[in-house]
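Notes for the structure review
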Amino acid sequence: MSPPNFVSQRVGNKPTSNNTSNTSRFSLCNRNISVDGITILSEVPVNVALSPFSSLPHNSDTDSIPPHILKSVASKSKNGAFLGLSVKQAQDRILNPIGKLLNRKFLSLFRFKIWWSTMWVGSSGSDLQMETQLILLQLPELNSFAVLIPLIEAIFALQFTLSGSTKVRGQKFSSCAYLHVGDNPYELMRDAFAAVRVHLGTFRLLEEKTVPKIVDKFGWCSWDAFYLTVEPVGLWHGVKSFAENGLPPRFLIIDDGWQSINMDHEPALQDSKDLTTLGSQMLCRLYRLKENEKFAKYKSGTMLRPNAPKFDQEKHDAMFKEMVALAEKKRKIKEEGGDVLALPSPKTIEFLNDDEDDRQERGGLMALVSDLKEKYQTLDDVYVWHALCGAWGGFRPGTIAGLEAKVTSAKLAAGLQNTMNDLAVDMIIEGGLGLVNPNQAADLYEAMHSYLADVGISGVKVDVIHTLEYVSEDHGGRVQLAKAYYDGLNKSLQKNFAGSGLIASMEQCNDFFFLATKQVSMGRVGDDFWFQDPNGDPMGAFWLQGVHMIHCSYNSLWQGQFIQPDWDMFQSDHICAEFHAGSRAICGGPVYVSDKVGHHNFDLLRKLVLPDGTILRCQHYALPTRDCLFENPLFDAKTLLKIWNLNKFAGVVGVFNCQGAGWYPEEHRCRAYPQCYKSISGVISADDVEWEQKDSTAVYRNTEQFAVYLHKSDNLTIVKSNEQINITLQPSSF
């Protein structure tokens, strides 16, 4: 989606290559869109146009594009074409059919939550879900595939929609979506997004960027151990627990809970006193860039002393449970109109004694990071969490000098009304967003990140990214607002965190990938790791794990063109921990856990992590095998998820039984499909590996025999290149 002047803003007169041919394998004739004569869309409306890739002007800044990408895009330009659209009257939101899709298998990726995407398969346009971000079509007549990618000139969600602001209207668009055809689905995705990169010039591909150093390392994230009650003593003992058992974390993520936040009804310059109610932090705004009181009071050397404070995870959890119960009791009394003043005030969970030496100055986050690195010298990186707009509720107006913030009401676009119900969305809409003036976005990130860098923080996990589209009404629409924020974020990343120290999260929409990834090179490709179903299904502890793997593997087809896929943390003592560990072993990204302190499965972790805290990482990122692309490994009761990856001299295939749950369109949520939660059989072979995706392994396509090691059965055997191995898996196993 974009303002109507987006094209004139970005289009230059300089062609991207010397290829002046305006021909394309795609054609629009008799209201049918075809590729090599094979119809893919019929009954195309007369206001939809098709233009060959080479017929439109592209981004004029070709100097920033590597020559090999320009050359490749030029040589394959006949494989691409743009869909355009015109309407009689300028509008801020356009619903317009682009034709009928009938009897053709497709894989689509759509936003099931506002910030998370997943896969969906079908064979007709009526099967598509709202907020579809990409469609991959099977073309068996040509032994090929075609992809349809909505562009930021007008985001496509089965219809074309526009703008994000009633004040920004458009009438004619030349490149609403991009079509590309190829005979290899994995090369097709790479070629298609390379063409879009040349056309838009607003992002860089993964191959052009440096990924964060943590990608080859083992780490620990604080979230599932403490939630918002994270504090220095618990963090210290968490790192200690791993290190003393021979698995030193090489990176630490201090998740949500370290910031200085409060609610609008609380004193403006004090930390919130009650963050135990479910979702309470989502009403909070940032009032100070520095750490909150729990961290600010830490004094240098405190945890290095022989009598350092102890931490008790069970005591913490019991106190946390009491706090949640108290908050729930207050909520019910308020709903009934009762008086809550007689109830006790919520307690702060802390294990740090603030008065042990009143003469010593506070050291805060800087002292804590310094002490951690002094004691645990293999700890290379410490990241901290923050929301794209500061905190969940943005910034509190008038509290931070030099930043002009205003609480802006949040409103969901019509296309998002049928996404999954989400407490975070409800809370943000209830409280609005404290939005810093977009003209100060660069100042905002520079202020936040330069402080963090100065105290020893080497990276950030930026979360809650897709909030800007709720508040774009008065800021030129969602694209203009996003550009301001993402440009500021990328500049700060380059200056403060070595150009790569950032994990993007809650970001899974084309807006982000097309506008925010000039510098950002790593991001989450799945929904959160849920150790249990928040809606209370006792089987959710099992089926949610398979859903997570489907999100990550299929989303990587799309998102892996821009960023290094990050499969998120998991807990090593979870009932499905080995299921998760198997996927992390092949995923090609970092391995990190969110274990509670002292609650670990070290035998399992030692299969993933070397004694120095590094990991054995595959050379590519894991993707579904060809025979899974147009199937449903979640609830068709027949398909195993198979994902492939490459090592320097070998291939890897992971096989997972993820059956038993998935998206339920009628209820707009993920839920169990218990009839599918059963043992499933399938086959694997060396042909499942896409050897050609790395030069070093391409020669193995013609190998006649392979040595195959089956991990679970601990069996080594010799097979012919096309020989199939039968396999049967129980539910939630691999």
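Residues numbered from 1 in each chain as written. Predicted model: local features only at pLDDT ≥ 70, side-chain atom pairs only at ≥ 80, totals over all residues. Heavy atoms only, no water.

Here the focus is the packing of helix α5 (residues 232-243) against helix α8 (residues 364-375). At their nearest, the axes of α5 and α8 sit 11 Å apart, and the two run at 20° to each other. Viewed along their axes, α5 and α8 adopt a mutual orientation that is roughly parallel. In terms of crossing hand, the pair formed by α5 and α8 is right-handed. Contact with α5, carried on its side by P232, L235, W236 and V239, involves L368, D371, L372 and K375 of α8 and no other residues of that element. A breakdown of the residues in the contact of α5 with α8 according to their chemical character gives six nonpolar, no polar and two charged. (Axes fitted to C-alpha atoms, helices over the stretch in contact; angles between N-to-C directions. Helix = DSSP H or I, 4+ residues; strand = E, 2+ residues; numbered from the N terminus. Parallel < 35°, antiparallel > 145°, perpendicular 65-115°, else oblique. Left-handed = near helix turned anticlockwise from the far one by under 90°. Contact = heavy atoms within 4.5 Å. Nonpolar A, V, L, I, M, F, W, Y, C, P; charged D, E, K, R; others polar.)

One way to put it is that helix α10 (residues 441-454) packs onto helix α11 (residues 477-496) with a least axis distance of 8 Å and a crossing angle of 30°. By the angle class used here, α10 and α11 are roughly parallel. Note that α10 runs across α11; the crossing there is right-handed. Here α10 contributes A441, A442, L444, Y445, E446, H449, S450 and A453 to the contact with α11, which in turn contributes A484, Y485, G488, L489, S492, K495 and N496. Per-class residue counts for the contact of α10 with α11 are eight nonpolar, five polar and two charged.

Once that is clear, we can look at the pattern of salt bridges. Close approach of charged atoms allows side chains with opposite charge to pair. Considering all chains together, one arrives at 34 salt bridges under this definition. Residue R197 pairs with E208 through a salt bridge whose shortest N-O separation is 2.9 Å. Of the two residues, R197 is situated in helix α3 (residues 185-200) and E208 in the loop between α3 and β13 (218-221); the sequence distance between them amounts to eleven residues. Note on E208: relative accessible area 15%, which makes it buried. R285 is paired through a salt bridge with D264; the nearest N and O atoms lie 2.9 Å apart. On the criterion of sequence distance, the pair formed by R285 in strand β16 (residues 285-291) and D264 in the loop between β15 (259-262) and β16 is long-range, its members being 21 residues apart. On the basis of relative accessible area, R285 is assigned to the buried category, the value being 1%. A residue is classified by how much of its surface remains accessible, and D264, at 42% relative accessible area, is partly exposed. (Salt bridge = Lys/Arg side-chain N within 4 Å of Asp/Glu carboxyl O. Buried < 20%, exposed > 50% of the residue type's maximum accessible area, 1.4 Å probe, protein only.)

For the coordinates displayed, the defined rule picks out 36 aromatic pairs. Ring geometry for F53 against Y178: centres 5.9 Å apart, planes inclined by 70°, an arrangement best described as edge-to-face. Of the two residues, F53 sits in the loop between β4 (48-52) and α2 (67-75) while Y178 sits in strand β12 (residues 170-182), which places them 125 residues apart along the sequence. Owing to a relative accessible area of 2%, F53 belongs among the buried residues under this scheme. Here the aromatic cluster, defined as three or more aromatic residues joined through ring pairs, consists of F193, F203, Y486, F512, F513, F514, W558 and F562. Across the ring face of Y664, the terminal group of R671 is positioned such that the distance to the ring centre comes to 3.8 Å. (Phe/Tyr/Trp six-rings, centres within 6.5 Å; stacked < 30°, edge-to-face > 60°. Lys NZ or Arg CZ within 6 Å of the ring centre and 35° of its normal.)

Which parts of space are left empty comes out when a probe the size of a water molecule is rolled across the atoms. What the second largest pocket holds in volume is close to 1400 Å³. As for the second largest pocket, its lining consists of 49 residues, and the residues nearest its centre are V652, V653, Y709, L710 and H711. Elements that contribute at least two residues to the lining of the second largest pocket include exactly α14 (577-587), β27 (651-656), β31 (705-710) and β33 (725-729). Considering only residue class, the lining of the second largest pocket consists of 33 nonpolar, nine polar and seven charged. (1 Å grid on protein atoms, 1.4 Å probe; cavity = no way out; pocket = protein on both sides within 12 Å on 5 of 7 lines; lining within 4 Å. Points joined across faces, edges and corners; volume = space filled by probe spheres on them.)

Before going further, it helps to examine the pairing of strand β5 (residues 80-91). Look at any regular strand and the pattern is simple: side chains alternate between the two faces of the sheet. Relative to β5, β4 runs antiparallel, the two being bridged by five bridges. Pairing of P52 across the sheet is with A81, part of β5. Relative to β12, β5 runs antiparallel, the two sharing seven bridges. Within β12, the position partnered with A81 by the bridge is L179. (Pairing = 2+ DSSP bridges.)

This part covers the sheet that holds strand β26 (residues 641-646). Pairing within the open sheet is antiparallel, and its three strands lie in the order β25-β26-β27. The open sheet has two free edges, formed respectively by β25 (623-624) and β27, since each of these has just one partner strand. With six bridges connecting them, β26 and β27 associate as antiparallel partners. Of the residues in β27, the one forming a bridge with N645 is V652.

So, on to the nonpolar core. One finds W115, W220, I254, F395, Y485 and F514 to be the most contacted residues of the largest nonpolar core, which totals 192 residues. Considering every element that reaches this core, the biggest residue donor is α3, with ten residues. Grouped together as the second largest cluster of nonpolar side chains are 27 residues, I33, L50, I94 and L179 included. (Core = buried A, V, L, I, M, F, W, Y, C linked by side-chain atoms within 4.5 Å.)

Bringing helix α9 (residues 423-431) into the picture now. When we look at burial in α9, the residues that qualify are A424, V425, M427 and I428. All buried residues of α9 fall inside an arc of 165° around its axis, so they share one side. Here α9 starts with a cap whose side-chain oxygen sits 2.9 Å from the backbone nitrogen of A424, and that cap is D422. Phi turns positive, to about 75°, at G432, one or two residues after α9. (Arc of directions from axis to C-beta. Polar contact = N/O pair within 3.5 Å; in protein donor to acceptor, adjacent residues only side chain to side chain.)

Take D612: it is sitting in the loop between α15 (602-605) and β25. By relative accessible area, which is 39% here, D612 ends up partly exposed. Not counting residues up to four positions away in its chain, the partners in contact with D612 are P248 and R250.

Here the focus is the sheet that holds strand β2 (residues 32-35). Strand-to-strand pairing in sheets goes through backbone hydrogen bonds, with the strands running parallel or antiparallel. Pairing in this open sheet of three strands is antiparallel, and the strands run β1-β2-β3 from one edge to the other. The open sheet has two edge strands, β1 (26-29) and β3 (38-41), and neither has a second partner. Between one strand axis and the next, the sheet turns by 40° as a mean value, whatever way the strands run. Note that β2 and β3 share three bridges and pair antiparallel.

Let us now look at the confidence of the model for the protein. Caution applies to low-pLDDT parts of the model: their predicted coordinates are not meant to be read in detail. The share of residues in the protein with pLDDT of 70 or more is 95%, and the mean pLDDT across the chain is 92. In this model, residues 1-20 is a region of pLDDT below 50 whose contacts with residues beyond four sequence positions or in other chains number 58 contacts. Of the regions scoring below 50 in pLDDT, residues 154-160 engages in 30 contacts with residues more than four places distant in sequence or in other chains. (pLDDT = per-residue confidence, 0-100.)

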